Amino acid sequence: MSRVSIESRLAPSASQPLLAQIDEAFGATPNMFKAVANSPAALQSMWAAFGALGKGALGARLGEQIAVAIADRNRCEYCLAAHTALGRNAGASAAEMAAAQAGESTDARTAAALAFALKVVDRRAQIGDADVARLRQAGFDDGQIVEIMAHIALNLFTNYINVALDVPVDFPKVALRAR
């Protein structure tokens, strides 16, 4: 049971227009957005970040692969389920999403982005010059490196919301990797 309300009708009136946009975009309103809607400012921030990054230079597929790697690392069942489904919708195969969940990819560029993202998460952003250099060697420019950081930040926020507030998963469940 969620630790905050996930009743859309009980969300503040300032959240209602965004909830309507989210419902239209997904065909339903995912529980995570219902939970975040308790704060109109948080909902606006999250929805704007998803929209901006969805149009970014990395593309939806890589963004979703980063999301599942971080979700698994943070033990966020909600984000793992949601981003696995969204990754499949963005053209990734089930095998590619399962590999990304483990922080792996047969594509060297994707593998570099996933390794970087997980290192940032594991080390609380305490990384070195060599870590950024590996991204550049894999073909990422400064703008794309910053965009990877934005994906990491957004996914940390959503992972923490879902785990801390125990938001019920309303996407097809995906098993976390064994630890």
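Scope of this entry: the structure provided in the associated data block.

Definitions and limits used
- Residues numbered from 1 in each chain as written.
- Predicted model: local features only at pLDDT ≥ 70, side-chain atom pairs only at ≥ 80, totals over all residues.
- Heavy atoms only, no water.
- Core = buried A, V, L, I, M, F, W, Y, C linked by side-chain atoms within 4.5 Å.
- Buried < 20%, exposed > 50% of the residue type's maximum accessible area, 1.4 Å probe, protein only.
- Helix = DSSP H or I, 4+ residues; strand = E, 2+ residues; numbered from the N terminus.
- Contact = heavy atoms within 4.5 Å.
- Axes fitted to C-alpha atoms, helices over the stretch in contact; angles between N-to-C directions.
- Left-handed = near helix turned anticlockwise from the far one by under 90°.
- Nonpolar A, V, L, I, M, F, W, Y, C, P; charged D, E, K, R; others polar.
- Parallel < 35°, antiparallel > 145°, perpendicular 65-115°, else oblique.
- Arc of directions from axis to C-beta.
- 1 Å grid on protein atoms, 1.4 Å probe; cavity = no way out; pocket = protein on both sides within 12 Å on 5 of 7 lines; lining within 4 Å.
- Points joined across faces, edges and corners; volume = space filled by probe spheres on them.
- Salt bridge = Lys/Arg side-chain N within 4 Å of Asp/Glu carboxyl O.

**So, the nonpolar core**
Reasoning step 1: Judged by nonpolar contacts, the single largest core of 46 residues is most densely connected at Leu 43, Ile 66, Phe 140, Ile 148 and Ile 152.
Reasoning step 2: The set of elements that each furnish at least two residues to this core consists of helix H1 (16-26), helix H2 (31-36), helix H3 (40-54), helix H4 (60-73), helix H5 (77-89), helix H6 (94-101), helix H7 (108-122) and helix H9 (142-164).
Reasoning step 3: Examining the composition of this core, we find that eight residues originate from one element, H7, more than from any other.
Reasoning step 4: Dropping the residues within four chain positions of it, Ile 148 is found in contact with Leu 58, Ile 66, Ala 113, Phe 116, Leu 135 and Phe 140.

**With respect to the packing of H3 against H9**
Reasoning step 1: Interaxial distance between H3 and H9 falls to 11 Å at its minimum, and their mutual angle equals 145 degrees. As for how H3 packs across H9, the hand of that crossing is left-handed. In this structure, H3 contributes Ala 42, Met 46, Ala 49, Phe 50 and Leu 53 to the contact, and H9 contributes Glu 147, Ala 150, His 151, Leu 154, Phe 157 and Thr 158.
Reasoning step 2: Class assignment for the residues of the contact of H3 with H9 results in eight nonpolar, two polar and one charged.

**Focus on the packing of H7 against helix H8 (residues 129-137)**
Reasoning step 1: Packing of H7 against H8 leaves a shortest axis separation of 9 Å and a crossing angle of 160 degrees. Taken together, the axis directions place H7 and H8 in an arrangement best described as roughly antiparallel. The chirality of how H7 crosses H8 is left-handed. On H8, the residues that touch Ala 112, Ala 113, Phe 116 and Lys 119 of H7 are Asp 131, Val 132, Arg 134 and Leu 135.

**A short note on H6**
Reasoning step 1: When we look at burial in H6, the residues that qualify are Met 97, Ala 100 and Gln 101. Angularly, the buried residues of H6 cover 105 degrees about the axis, an arc narrow enough to put them on a single face.
Reasoning step 2: Of the surrounding secondary structure, the elements contacted by the buried residues of H6 are H4, H5 and H7.
Reasoning step 3: Just downstream of H6, Gly 103 is the residue with a positive phi angle, here 80 degrees.

**Overview of the layout of surface pockets**
Reasoning step 1: Looking at the largest pocket, its volume works out to about 390 Å³.
Reasoning step 2: Together, 24 residues line the largest pocket, and Phe 26, Phe 50, Glu 64, His 83 and Leu 86 are the ones closest to its centre.
Reasoning step 3: Counting residues per element, the ones that place at least two in the lining of the largest pocket are H1, H2, H3, H4, H5 and H9.
Reasoning step 4: Its residues assigned to classes, the lining of the largest pocket comprises 17 nonpolar, six polar and one charged.

**Examining the side chain of Asn 155**
Reasoning step 1: If you trace the backbone, Asn 155 turns up in helix H9.
Reasoning step 2: The exposure class of Asn 155 is buried, given its relative accessible area of 3%.
Reasoning step 3: Apart from residues no more than four positions distant in its own chain, Asn 155 is found in contact with Ala 67, Ile 70 and His 83.

**Notes on unusual backbone geometry**
Glycine aside, a negative phi is what most residues show, and trans is what most peptide bonds show.
Reasoning step 1: Its identity as a non-glycine residue notwithstanding, Ala 125 has a phi of 75 degrees, on the positive side.
Reasoning step 2: Among the structural elements, Ala 125 can be located in the loop between H7 and H8.
Reasoning step 3: Of note, the phi angle at Asp 166 is positive, near 50 degrees, even though the residue is not glycine.
Reasoning step 4: Following the sequence through the fold, Asp 166 ends up in the segment after H9.

**Brief notes about the pattern of salt bridges**
Reasoning step 1: Using the criterion set out here, one finds seven salt bridges in the structure.
Reasoning step 2: The shortest N-O distance in the salt bridge between Glu 7 and Arg 9 comes to 3.9 Å.
Reasoning step 3: Judged by its relative accessible area of 39%, Glu 7 falls in the partly exposed class.
Reasoning step 4: With a closest N to O distance of 2.5 Å, Arg 61 and Glu 96 form a salt bridge. Placement of the pair is Arg 61 in helix H4 and Glu 96 in helix H6, with a sequence separation of 35 residues.
Reasoning step 5: Residue classification places Arg 61 among the partly exposed residues on the basis of a relative accessible area of 33%.
Reasoning step 6: Each of the salt bridges in this network shares a partner with another, and the network as a whole consists of Lys 119, Asp 131 and Arg 134.

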